[in-house]
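A structural walkthrough
What follows is each chain in one-letter form.
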Amino acid sequence: MVNRVAVLSDIHGVLPALEAVLAEPDVATADLIVLTGDIAAGPQPVEVLDVLADLGDRVCWVGGNADRELVEARAGHPASIEVSNWAAGQLRDDQVARLGALPATVTLEVNGLGPTLFCHATPRDDEEVVLVDSRLGRWTEVFDGLPAEVSTVVCGHTHMPFTRLVDRRLVVNPGSIGMPYGGAGAWWALLGPGVQLRRTAFDMDAACARVAAESTFPDAAAWADEYLRSRHSDADALTVFGPRDGR
């Protein structure tokens, strides 16, 4: 059983945001850090992966659609997003191999929460969309085949934090470290024995300037201004993502 778990999702290759969260006392002292996908597809992919790899066994890695797309892009199948294709070209071979070997799900016994499944989007697919207001029938679809003993599901993908009950199961989305929708800062979750949705504030001007200065991605400054500063509200994101949950 794991007593305290820090969940970091959708880092998207943003080093200043990741470093700010890793400096949080509750993250530094957590028994385990779980990454729920979309780790490196962004302006500082090599640096983010190196920082996380240096944490060794304190980190449990789960893959997301953007991680898969980096591997595919490296193999000659370009992604639809410019920064992903650029990031794929920056990675070392060992980093590509790590991303290619990431599991789609991990299940851990978490103190107070029971058997907890960690995934990126849904337990069965790395890019399906479920939202805080998705209908119960949609949740039934995406949880089809999930073992009955799994009492908590932790997912990411949509970059908006929430907790809700779904027919006796607790669902947690920690939000996004590097591309938050709805509010600037790095969003994450602390599990055990309950659930805390957390946000880490950091110097946004300095972070954006650092990404622009340190990344060789041609549009790094504009990318940082758009995504680190959370120019897209949760209402904007729900409007875009809503039709993808079958409503």
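Residues numbered from 1 in each chain as written. Predicted model: local features only at pLDDT ≥ 70, side-chain atom pairs only at ≥ 80, totals over all residues. Heavy atoms only, no water.

Under an unreviewed UniProt entry, the name given to the chain is Metallophosphoesterase family protein, and the source organism is Micromonospora parva. Regarding the chain, the UniProt comment filed under Sequence similarities (unreviewed entry) reads as follows: "Belongs to the metallophosphoesterase superfamily. YfcE family." (UniProt positions renumbered as here; feature names shortened; annotations may be inferred.)

Things to note about the side chain of Thr 116
Among the structural elements, Thr 116 can be located in strand β5 (residues 114–119). Relative accessible area serves as the criterion here: at 0%, Thr 116 is assigned to the buried category. Within the structure, Thr 116 has its side chain in polar contact with the backbone oxygen of Gly 114 (distance 2.9 Å). (Helix = DSSP H or I, 4+ residues; strand = E, 2+ residues; numbered from the N terminus. Buried < 20%, exposed > 50% of the residue type's maximum accessible area, 1.4 Å probe, protein only. Polar contact = N/O pair within 3.5 Å; in protein donor to acceptor, adjacent residues only side chain to side chain.)

Notes on the side chain of Ser 134
Turning to its location among the elements, Ser 134 is positioned in the loop between β5 and α7 (136–142). Here Ser 134 falls in the buried class, since its relative accessible area comes to 4%. Setting aside chain neighbours within four positions, we find Ser 134 in contact with Trp 139, Arg 164, Asp 245 and Arg 247. (Contact = heavy atoms within 4.5 Å.)

Some words on the sheet that holds strand β9 (residues 186–191)
If you walk across this open sheet you meet the five strands as β3-β2-β1-β9-β10, and the pairing is mixed. What marks the edges here is a single partner per strand, and that holds for β3 (59–62) and β10 (195–200). On average, each strand axis in the sheet is inclined to that of its neighbour by 25 degrees, with strand direction left out of account. With four bridges connecting them, strand β2 (residues 32–36) and β3 associate as parallel partners. What sits directly across from Val 34, in β3, is Cys 60. (Pairing = 2+ DSSP bridges. Axes fitted to C-alpha atoms, helices over the stretch in contact; angles between N-to-C directions.)

Describing the packing of helix α8 (residues 204–214) against helix α9 (residues 220–227)
The interhelical angle for the contact between α8 and α9, taken along N-to-C directions, is 155 degrees, at an axis separation of 8 Å. Between α8 and α9, the angle falls in the class roughly antiparallel. The crossing of α8 and α9 is right-handed. Residues Cys 208, Val 211 and Ala 212 of α8 form the contact with α9, whose own contacting residues are Ala 220, Ala 221, Ala 224 and Asp 225. The residue makeup of the contact of α8 with α9, split by class, is six nonpolar, no polar and one charged. (Parallel < 35°, antiparallel > 145°, perpendicular 65-115°, else oblique. Left-handed = near helix turned anticlockwise from the far one by under 90°. Nonpolar A, V, L, I, M, F, W, Y, C, P; charged D, E, K, R; others polar.)

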